[in-house]
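The chain contents come next:
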Amino acid sequence: MITELDFRILDWIREHLQCGFLDGAMQAVSFLGEAGWVFVLIAVAMLLRKETRPVGLAIAVSLALSLLVCNGVLKNLVARPRPFHLRPETLLIVSPPGEFSFPSGHTSAAFAFAGAMLGMKNRYRWAAMAFGILMGFSRLYLYVHFPTDVIGGVVSGLFCGYLGAFLAKKSGLFSRKPEN
């Protein structure tokens, strides 16, 4: 359900915060979340190093869960239009995304990553959380998601992140001693 508060928040951001610097910065942040590629690269890099492999696995599982839950199930189930579809007079500074709005896939992936880092108690977990918040804000700033879409992305992402960390820990892949 789209509320009047959703549009008030989006319009306030547009009226009070929009500027050239933030236009570029928010486009860059949002680009990093496209298809979760930056998080996938980090997961792969961590999987390649023995000491970071458990966190890499947690991130990889979290991202897969986020993709399934957010983009595979929730977006199609809710089928919510994006803000610019309901206000076609709004000029976008990015190419309009094609899929449904709820929940924000960018935000879900960022928080799945952060949730995995939190669940694994990685030393960069708070930086990951800060980046997730920035990602969510970028989607509002760019007028491609409603605030409730971003909140949905945070909740689904953290759920997938913690579940991914739990599954990575329970897998037993990293607690076994090598056989002789």
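Placed above this text is the structure.
So, how was this worked out
- Residues numbered from 1 in each chain as written.
- Predicted model: local features only at pLDDT ≥ 70, side-chain atom pairs only at ≥ 80, totals over all residues.
- Heavy atoms only, no water.
- Salt bridge = Lys/Arg side-chain N within 4 Å of Asp/Glu carboxyl O.
- Helix = DSSP H or I, 4+ residues; strand = E, 2+ residues; numbered from the N terminus.
- Buried < 20%, exposed > 50% of the residue type's maximum accessible area, 1.4 Å probe, protein only.
- Expected span 1.5 Å × (residues − 1).
- Arc of directions from axis to C-beta.
- Axes fitted to C-alpha atoms, helices over the stretch in contact; angles between N-to-C directions.
- Parallel < 35°, antiparallel > 145°, perpendicular 65-115°, else oblique.
- Contact = heavy atoms within 4.5 Å.
- Patch = residues over 30% accessible without salt bridge, like charges linked within 9 Å, V, L, I, M, F, W, Y side chains within 5 Å.
- Areas by Shrake-Rupley, 256 points an atom, 1.4 Å probe, with all protein chains shown as cover.
- Polar contact = N/O pair within 3.5 Å; in protein donor to acceptor, adjacent residues only side chain to side chain.
- Core = buried A, V, L, I, M, F, W, Y, C linked by side-chain atoms within 4.5 Å.

A.B. asks: Sorry if this is basic, but what is going on with the pattern of salt bridges here?
C.D. replies: Where charged atoms from two side chains of opposite charge come close, those side chains can pair. As enumerated under the stated definition, the model contains four salt bridges in all. A salt bridge links aspartate 11 to arginine 87, with the shortest nitrogen-to-oxygen separation between them at 2.5 Å. In this pair, aspartate 11 is assigned in helix H1 (residues 4–17) and arginine 87 in the loop between helix H5 (83–86) and helix H6 (105–119), connecting sequence segments 76 residues apart. With a relative accessible area of 22%, arginine 87 lands in the partly exposed category.

A.B. asks: Which parts of the structure should I look at to understand helix H2 (residues 20–32)?
C.D. replies: Along an α-helix, residues three or four apart share an orientation, since each turn contains 3.6 residues. With 13 residues, H2 ought to run about 18 Å at 1.5 Å a step, and its terminal C-alpha atoms sit 19 Å apart, in line with that. Within H2 the residues assigned to the buried category are Asp23, Met26, Val29 and Ser30. Looking straight down H2, one finds its buried side chains confined to an arc of 140°; they lie on one side. Seen from the buried face of H2, the exposed residues on the opposite side, beyond 90 degrees, are Gly20, Phe21 and Phe31.

A.B. asks: Please explain the packing of H1 against helix H7 (residues 125–141) as it appears in this structure.
C.D. replies: When two helices pack together, you describe them by how their axes are tilted relative to each other and by the distance separating the axes. Interaxial distance between H1 and H7 falls to 9 Å at its minimum, and their mutual angle equals 85°. By the angle between their axes, H1 is roughly perpendicular relative to H7. Counting all contacts with H1, which are made through Leu10, Ile13, Arg14 and Leu17, the residues of H7 involved are Phe137, Leu140 and Tyr141.

A.B. asks: In this structure, what is going on with a nonpolar patch on the surface? I would like to understand it.
C.D. replies: A surface patch of nonpolar side chains, amounting to about 380 Å² of accessible area, comprises Leu68, Val73, Leu77 and Val78. Position of valine 73 among the secondary structure elements: in helix H4 (residues 53–78). Overall, the relative accessible area of 43% leaves valine 73 in the partly exposed class.

A.B. asks: Help me understand the environment of arginine 125, please; the structure alone is not making it clear to me.
C.D. replies: By secondary structure assignment, the location of arginine 125 is in helix H7. Placed 12 residues apart in sequence, arginine 125 and phenylalanine 113 show a C-alpha to C-alpha distance of 9.0 Å. Ignoring any residue separated from it by four or fewer positions in sequence, one finds arginine 125 in contact with Met117 and Leu118. Within the structure, the side chain of arginine 125 is placed 3.2 Å from the backbone oxygen of lysine 121, a separation counted as a polar contact.

A.B. asks: Looking at this structure, I do not really get the nonpolar core. What am I missing?
C.D. replies: Residues Phe39, Val55, Ala58, Ile59, Leu63, Phe113 and Met117 are the most contacted members of the largest nonpolar core, which totals 27 residues. Considering each element in turn, this core owes the most residues, nine residues, to H6. Dropping the residues within four chain positions of it, methionine 117 is found in contact with Val55, Ile59, Asn122, Tyr124, Arg125 and Ala128. Phe7, Ile13, Met26 and Tyr143 belong to the second-largest nonpolar core, a separate cluster that totals 12 residues.

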